[in-house]
Amino acid sequence: MIRSKLPNVGTTIFTTMSQLAVQTGALNLSQGFPDFNGPQALLDAVGRYVAAGHNQYAPMTGLPALRQQVAAKVARLYGVSVDVEQEITITPGATEAIFCAIQAVINPGDEVIVFDPCYDSYEPSVELAGGRCVHVPLSNDDFAIDWQRFSDALTPRTRMVVLNSPHNPSGALISRADLDQLAALIADRDIYLVSDEVYEHLIYDGVAHASVLAHEQLYQRAFVISSFGKTYHVTGWKTGYVIAPPQLSAELRKVHQYVNFCAVTPLQCALADFMAEHPEHIEQLPGFYQAKRDLFCDLLQGSRFSFKPTPGTYFQLVDYSAIRPDLNDVDMALWLTREHGVASIPVSVFYQTPVPQQRLIRLCFAKREETLQQAAEKLCAI
Ligand SMILES: Cc1ncc(COP(=O)(O)O)c(C=O)c1O
């Protein structure tokens, strides 16, 4: 008999819904990935580097040229100066960075506060470190953090808080005032932060991202994580990075070097070149995705779904109470895929304790215009 270390983990809803989309031929707005390619110059650069023989192990901490580009980016966007050698580590995906950060500092018996609904990789990572997640629900209407509830959840065992802004699945943003609140509440405590900022460039309506990197007090205890996959439309490359103060980076690297050792070499080479040559890509990204959000939301105005345009990420939540209030969200997502040809993600799967009567599904709009039009047509016909 195997004594599973993760007895509560099964096939994720993301796999289930994507498989069902393939089986039924439905449009796949479930899993979060674009149905268009990354920039041609970036793709071409990978081919060139592979052909030129850049196919052996990269340095454990990441290619220096790429770390330099990351440092230049955060200096430009957030006005912060981070040490290229000691504070930046390139990882095979943000997921690996999250895992390594948690393993690096969580010990058996430690508690980690996560805000529900939350991304699914946090809890298994905490459990494998012997810790326990304490789930604090976000508000049901706008997915804001209730700082009183957070404060009530703090105990002497609290060792980490996981933040995620822009937030998957809701798109909600954490403000500078939120960060100040957090800093005040944990000021005298021995608590680390994981700040999952993989959607840092997907923020709309002119709002600026409140990065933990720019919050001096919080940064001292933080692992700030991002993903090239999201930023450059290449989620399958699984390449990300973590920025943390030197002592925390040193602990994270001890884990990272035995989980994966390094990220993929030619991808790092290509990303470094592309970032140097095309800084405008990041500047144009909010507008690029805002246009998709606006198109999708305009088209959905003709449907019976209700929604507020998302402030961030490439996910749009929609409420289906006016359509099938009798179905819970998992059954709704299955029904929508099988009967109407659009795959989505039910929001309840992001909760430890789903909200009774919540009727929300998540749709990914990182899609070509024609895909969004076809999907909206199907959704408006219901
Ligand atoms: C909130 C959040 N964090 C982390 C990740 C993982 O990023 P990566 O693909 O770089 O591992 C995702 C991907 O969907 C995400 O939505």
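Residues numbered from 1 in each chain as written. Predicted model: local features only at pLDDT ≥ 70, side-chain atom pairs only at ≥ 80, totals over all residues.

Bringing the overall build of the protein chain into the picture now. Helix and strand counts for the protein chain come out as 14 helices and 12 strands. Here the C-alpha atoms of the protein chain give a radius of gyration of 21 Å, agreeing with the 21 Å that 2.2 N^0.38 yields for 382 residues. With respect to the three principal axes, the spread of C-alpha positions in the protein chain is 55 × 55 × 50 Å. By residue count, 46% of the 382 residues in the protein chain fall in the buried class. Of the contacts made within the protein chain by residues no fewer than 6 positions apart, 73% connect residues no fewer than 24 positions apart. (Helix = DSSP H or I, 4+ residues; strand = E, 2+ residues; numbered from the N terminus. Rg over C-alpha atoms; globule rule 2.2 N^0.38 Å. Buried ≥ 20, exposed ≤ 12 C-beta atoms within 10 Å, placed from the backbone. Contact = placed C-beta atoms within 7 Å.)

Looking now at the nonpolar core. Ranked by internal contacts, the top residues of the largest apolar core, which has 111 residues, are A101, M160, L193, F223 and V242. Of all the elements, helix α4 (residues 94–105) adds the most residues to this core, at nine residues. The residues that make up this core include at least three from each of domain 1 (13–38 + 281–380) and domain 2 (40–277). Each residue touching A101, except ones within four places of it in the same chain, is listed here: V194, F223, V242 and L252. (Core = buried A, V, L, I, M, F, W, Y, C linked by C-beta atoms within 7 Å. Domains from an automatic or database assignment.)

Glancing now at the site of the ligand. Taken together, 14 residues lie near the ligand, and G93, A94, T95, N168 and S227 sit nearest. A per-class count over the shell around the ligand returns three nonpolar, nine polar and two charged. (Near = placed C-beta within 6 Å. Nonpolar A, V, L, I, M, F, W, Y, C, P; charged D, E, K, R; others polar.)

Another aspect to go through is the packing of helix α12 (residues 280–300) against helix α14 (residues 369–380). With their axes 9 Å apart at the nearest point, α12 and α14 run at an angle of 25° to one another. Considering their axes alone, α12 and α14 lie roughly parallel with respect to each other. Between α12 and α14 lies a crossing whose hand is right-handed. Here α12 contributes K292, L295, F296, L299 and L300 to the contact with α14, which in turn contributes E369, L372, Q373, A376 and L379. (Axes fitted to C-alpha atoms, helices over the stretch in contact; angles between N-to-C directions. Parallel < 35°, antiparallel > 145°, perpendicular 65-115°, else oblique. Left-handed = near helix turned anticlockwise from the far one by under 90°.)

The next subject is the confidence of the model for the protein chain. Model confidence for the protein chain is summarised by a mean pLDDT of 97, while 100% of its residues fall at 70 or above. The spread of mean pLDDT over the elements of the protein chain runs between helix α1 (residues 13–24), the lowest at 92, and strand β6 (residues 192–196), the highest at 99. (pLDDT = per-residue confidence, 0-100.)

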